[in-house]
Amino acid sequence: MTQESPVLENSGSSPAKLGSFKFDLRKHGGLLALVILLVFNALVTPNFLQPQTLFVNISQVATIAIVAIGMTMVIATGGIDLSVGAVMALAGALAPLIFLSPFGVEYPILGLIAAFTLPLFAAAFCGLFNGVLVSVLNVQPIIATLILFISGRGIAQVLTNGNLQTFSNDAFSYLGTGKILGLPFQGWLTLLLALIAFWFVRRTLFGRYLLAIGGNKRAALLSGVPVRPVTILAYVICSVLAGVAGMIVVAINSASDAARNGNLMELDAIAAAVVGGALLQGGKAPIFGAILGAIIIQLVKYTLLANGVEDEVALIAKAAIIVLAVWLQQARKE
Amino acid sequence: MALPLLTAKSIDKAFSGVAALTSAELQIEGGEVHGLIGQNGAGKSTLIKIITGVYRRDAGTVEFDGGEASFINPREAQSAGIATIYQELNLVPLRSVTENIVMGNEPRKWGGLIDWKTANSQTKKVLSDFGLDLDVERPLGEYSTAIQQLVAIARAVSLNAKLVIMDEPTSSLDDKEVAVLFGVIRQLKQTGVSVLYVSHFLDELFEVCDRVTVMRDGQTIGCHQIAETDKFELIAEMLGRNIEDIKSAGMTDFGGGEAKRGEVLLQADNIGTDNRLRAFSATVHRGEIVGLGGLLGSGRTEAALALFGVDQLTQGRMVFKGEGFEPDDPVTAIRSGLGLLSEDRKAEGIIPDMSVRENLTLALLPRLTRAGQIQRGREREIVENFVKALGIKTADIDQPIRELSGGNQQKVLLARWLATEPDLLILDEPTRGVDVGAKLEIQSIIREYVDRGCGVILISSEFEELVEGADRIVVLQDGYSVSELENPGISEDILIAAIAHHHDEVSGANA
Ligand SMILES: Nc1ncnc2c1ncn2[C@@H]1O[C@H](COP(=O)(O)OP(=O)(O)OP(=O)(O)O)[C@@H](O)[C@H]1O
Ligand SMILES: [Mg+2]
């Protein structure tokens, strides 16, 4: 009989009404934060309203957003994936290794295809590993994904002998530097992936099952939801998306740095998902919320950087955002 | 006359604009056992939650113990002297029985540490009043729903409250446990404690209540001295129907039981699992309802879990539709044509944040998809049909299921399984928490379903439902199936005797 904290329920009359539009801080807090950030930057940050700023931010937000999409699906099952940063490093390290290999040099086209696909298979394998640990061996998700969090980056560094690998390969770099209609390619890619993920979550059997598992695992199991395969698939999708993001980072830099690629990305992605409205106990998968969350995280980073605040302080700011989002979430739950 | 203990006046409450209570009233005297009845969705639980501070009222006043009472959370209500057992139990299954009982007022040792020894012995004492002898250090979740319900009641009673509110406390108890509960209620009454008692079992009210308040559609329709009214009058008032119509209809609606028994559908031979099922044998034919009878912990639910592939067999074999059958998991069981309506609505049934629509189609979903994509038009159509056929009270089919009243949630879960049209449907407490009117409807739906040539296994802690509903009853004891009774010819007394008889024999053999 846990008589839980005050249950102030959500009758329709509680949120303040602005005209006919109901504003509810808990629901629309993300949008509000976005508006505040934009206004603040427009007023304070030098050169904020330049196209260049937009490009920089789009190209950087893309990786956070792509990883956050996958993270949102894992969180929807009631899990968490700490290994995304390491998987980024791994996939990012593999791609140049492949097109720089003797095979890749001799058959550039085949090499390029392999450089795009094999890292994703490697990432998928990482996801499979995580998923099996979590759903078949019943390891706590935090612990299960901690294994690759630690060892994945290590493997990437061994593969590259711990060196920075630079290259020049225009076709591959398109992933990070290409433009369509004047906007960065990875921005479009993010949009496309988000649309697919949204459809997947909202319209397919898999999506419904994902939310059912996060909502009540035992009930889902007894209703014939294949809990294990669906959970594993969620981790695989998350890892593959992390792999995509890892390759984008490498393409942007025309260099792979296994030590830094995707470093602390798990924090950004979890923060983005939570700010976007994902519930840590599972059962919700707001894909576009995660995109919004990623934009907010990116803007906060940019704001602090552009105004000369130190990195360490930026980290604290990020932590504060997570705390605030989780706090709002607790309030929303009631 | 002394002041009433609790007076709630002109209570209004709306959820997102939909009225749940309109000017509802309730008055409870000191030392009185007061019944509260009404159809599913009438607003009983909402009224209780308003009194105890779970919800805030939109209008109206509540007075408790001589003062105005506006509790802002249940804890406040509890310290003011109202102990509540909510309809959806709020226990922590992973915590021990003791922790669940003493939670919030743990006995302390010097230095503020919790004194577990005292806590355990206190808990044992509280439970012994209910005839329960549990290992109080084991997690509560390991015990059956009925035991959990008793633990919740025991906790509330142990709080030394002035008013104990029980929202459908007997929904998963059998007759014997109900009798124990009534003993406790009478004891409470003697010590001057008032009890508010919500139930769909009208007979119970006549046994323990002094007065009864009837609600319909969010309003209080009447309040009677129990001695001056009868069952038919109450039902008529609850449903808003003519008393003569009610009298002419029977009290259960499983129909005559002239089942045309068809071919054998399922045969289980001495099956056992690691989950307290030792050796269970039963045969189900097409066109019949087979009841499982037995006491708490006799293995009825465990038998269902074994048939449905949740627990793996450690012995014995099954034949289903003429073929050997050993499902690895519910997915395979469902595909082969089985369905299981589970006992515990909250823990094993509903996905609370999902809509009525999504909950209802969850088991059917694979057949509603084309190329992985859900056919939403068909989905809506099916759901709307079931909502109409079962009279599910919901604002619309996209409303989250947690917002439905308990009985209406139960109907959605029943629909989840009827929609899959299984050959064999296992129903574990199918009418738990549904009102008298809806119960008749559900029972006749089950009978209709069986008449179409399907089979049903019925588990019910209500002996009346078993005796009148089942064509045969398999009696279980300590995980063994020990005897079989056949209708017509079963009476409640015969069933009780069969259960008790074997009980003595088995425990005698063990001694
Ligand atoms: N949190 C909520 N949000 C929206 N509607 C709600 C909520 N809680 C209850 N309702 C609605 O209020 C009405 C009354 O519900 P309530 O749970 O009080 O019924 P009840 O009399 O207890 O029924 P039952 O016998 O089935 O338990 C129902 O129509 C229900 O759908
Ligand atoms: Mg209720």
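Residues numbered from 1 in each chain as written. Chains lettered and ligands numbered in written order. Predicted model: local features only at pLDDT ≥ 70, side-chain atom pairs only at ≥ 80, totals over all residues. Heavy atoms only, no water.

> I keep staring at the pairing of strand β1 (residues 6–15) of chain B and nothing clicks. Help me out?
Sheet faces and side chains relate simply in a regular strand, where the side chains alternate between the two faces. All names here are of chain B. Strand direction decides the pairing type here: β1 and strand β4 (residues 59–64), joined by five bridges, are antiparallel. Counterpart to Thr7 in the pairing with β4 is Glu63. In terms of strand pairing, β1 meets strand β2 (residues 18–28) through seven bridges, oriented antiparallel. By the bridge assignment, Phe15 is partnered in β2 with Val18. Counting the residues in the hairpin turn of β1 and β2 gives two residues, including Ser16, whose phi is positive at 40 degrees. (Pairing = 2+ DSSP bridges. Helix = DSSP H or I, 4+ residues; strand = E, 2+ residues; numbered from the N terminus.)

> Would you mind showing me how to read the interface of chain B and chain A here?
A common way to report how large an interface is uses the accessible area buried once the components associate. The partner chain A presents 32 residues to the 53 residues of chain B that form the contact. Interface area, chain B with chain A, both sides summed: about 3,500 Å², of which 56% is carbon and sulfur. Of all residues in chain B, the largest losses of buried area upon contact with chain A belong to Asn90(B), Glu348(B) and Leu362(B), amounting jointly to 13% of the total for that side. Linking chain B to chain A there are three salt bridges. We note a salt bridge from Glu358(B) to Arg208(A), for which the minimum N-O separation is 3.6 Å. Inspection of the chain B/chain A interface yields nine residue pairs in polar contact (both at pLDDT 80 or more). Per element, the largest residue contribution to the side of chain B that touches chain A is four residues, and it comes from helix α12 (residues 345–349) of chain B. For the side of chain B that touches chain A, the class distribution of residues is 29 nonpolar, twelve polar and twelve charged. (Contact = heavy atoms within 4.5 Å. Buried area = accessible area lost by both parts, 1.4 Å probe. Salt bridge = Lys/Arg side-chain N within 4 Å of Asp/Glu carboxyl O. Polar contact = N/O pair within 3.5 Å; in protein donor to acceptor, adjacent residues only side chain to side chain. Nonpolar A, V, L, I, M, F, W, Y, C, P; charged D, E, K, R; others polar.)

> I would appreciate a short explanation of the side chain of Glu32(B) in the present structure.
All names here are of chain B. Assignment of secondary structure puts Glu32 in the loop between β2 and β3 (33–38). Here Arg211 takes part through its side chain, which lies 2.5 Å from a polar atom of the side chain of Glu32. Non-local contacts of Glu32, meaning those with residues more than four positions away in its chain, are made with Gln27, Val193, Ser194, Val195, Asp210 and Arg211.

> Honestly, the pattern of salt bridges in this entry has me stumped. Any pointers?
Note on pairing: side chains with opposite charge can pair once their charged atoms come close. The final tally for this structure, using the stated rule, is 26 salt bridges over all chains. The salt bridge involving Glu462(B) is made with Lys439(B); its shortest N-O contact spans 2.7 Å. Residue Glu462(B) is found in the loop between β20 (455–459) and α17 (463–469), and its partner Lys439(B) is found in helix α16 (residues 436–451); the two are separated by 23 residues along the sequence. Neither residue differs from the other here; Glu462(B) and Lys439(B) are each classed as buried. Within this structure, Arg208(A), Arg357(B), Glu358(B), Glu379(B), Arg380(B) and Asp398(B) form a network of salt bridges that share partners. (Buried < 20%, exposed > 50% of the residue type's maximum accessible area, 1.4 Å probe, protein only.)

> Whenever I open this one, the packing of aromatic side chains confuses me. Can you help?
Residues and elements named next belong to chain A. Enumeration according to the criterion identifies 13 aromatic pairs over all chains in this entry. Taken together, a centroid distance of 5.3 Å and an interplanar angle of 25 degrees make the contact between Phe116 and Phe172 stacked. Placement of Phe116 in helix α5 (residues 108–135) and of Phe172 in helix α7 (residues 170–177) is noted, with a sequence separation of 56 residues between them. Classification of Phe116 as partly exposed rests on a relative accessible area of 25%. For Phe172, a relative accessible area of 0% translates into the label buried. Pairing Phe167 with Phe172 gives two aromatic rings, centres 6.0 Å apart and planes at 75 degrees, and the pair type is edge-to-face. (Phe/Tyr/Trp six-rings, centres within 6.5 Å; stacked < 30°, edge-to-face > 60°.)

> When you look at the packing of helix α9 (residues 205–215) of chain A against helix α11 (residues 227–253) of chain A in this model, what are you seeing that I'm missing?
The description of two packed helices rests on the angle between their axes and on the distance between the axes. All names here are of chain A. One way to put it is that α9 packs onto α11 with a least axis distance of 10 Å and a crossing angle of 105 degrees. Of the possible angle classes, the one that applies to α9 and α11 is roughly perpendicular. Within the contact between the two elements, α9 uses Phe206, Tyr209, Leu210 and Ile213 and α11 uses Val227, Val230, Thr231, Leu233, Ala234 and Ile237. Classifying every residue of the contact of α9 with α11 by side-chain character gives nine nonpolar, one polar and no charged. (Axes fitted to C-alpha atoms, helices over the stretch in contact; angles between N-to-C directions. Parallel < 35°, antiparallel > 145°, perpendicular 65-115°, else oblique.)

> Whenever I open this one, the site of ligand 1 confuses me. Can you help?
All names here are of chain B. The full set close to ligand 1 counts 21 residues, and Gly41, Ser45, Thr46, Ser405 and Gly407 are the nearest of them. In the environment of ligand 1, an oxygen atom lies 2.8 Å from a nitrogen or oxygen atom belonging to the backbone of Gly41. Contacts to ligand 1 include Gln87, whose side-chain N or O atom sits 3.0 Å from an oxygen atom. Bound to the protein, ligand 1 loses 90% of the 640 Å² it would expose on its own. At the level of elements, α1 (44–51) and α15 (406–418) are the ones that each hand at least two residues to the shell around ligand 1. With three residues, the top contributor of residues to the shell around ligand 1 is α1. Residue contributions to the shell around ligand 1 reach at least three from each of two domains, namely domain 1 (6–90 + 161–249) and domain 3 (351–421). (Near = heavy atom within 4 Å. Areas by Shrake-Rupley, 256 points an atom, 1.4 Å probe, with all protein chains shown as cover. Domains from an automatic or database assignment.)

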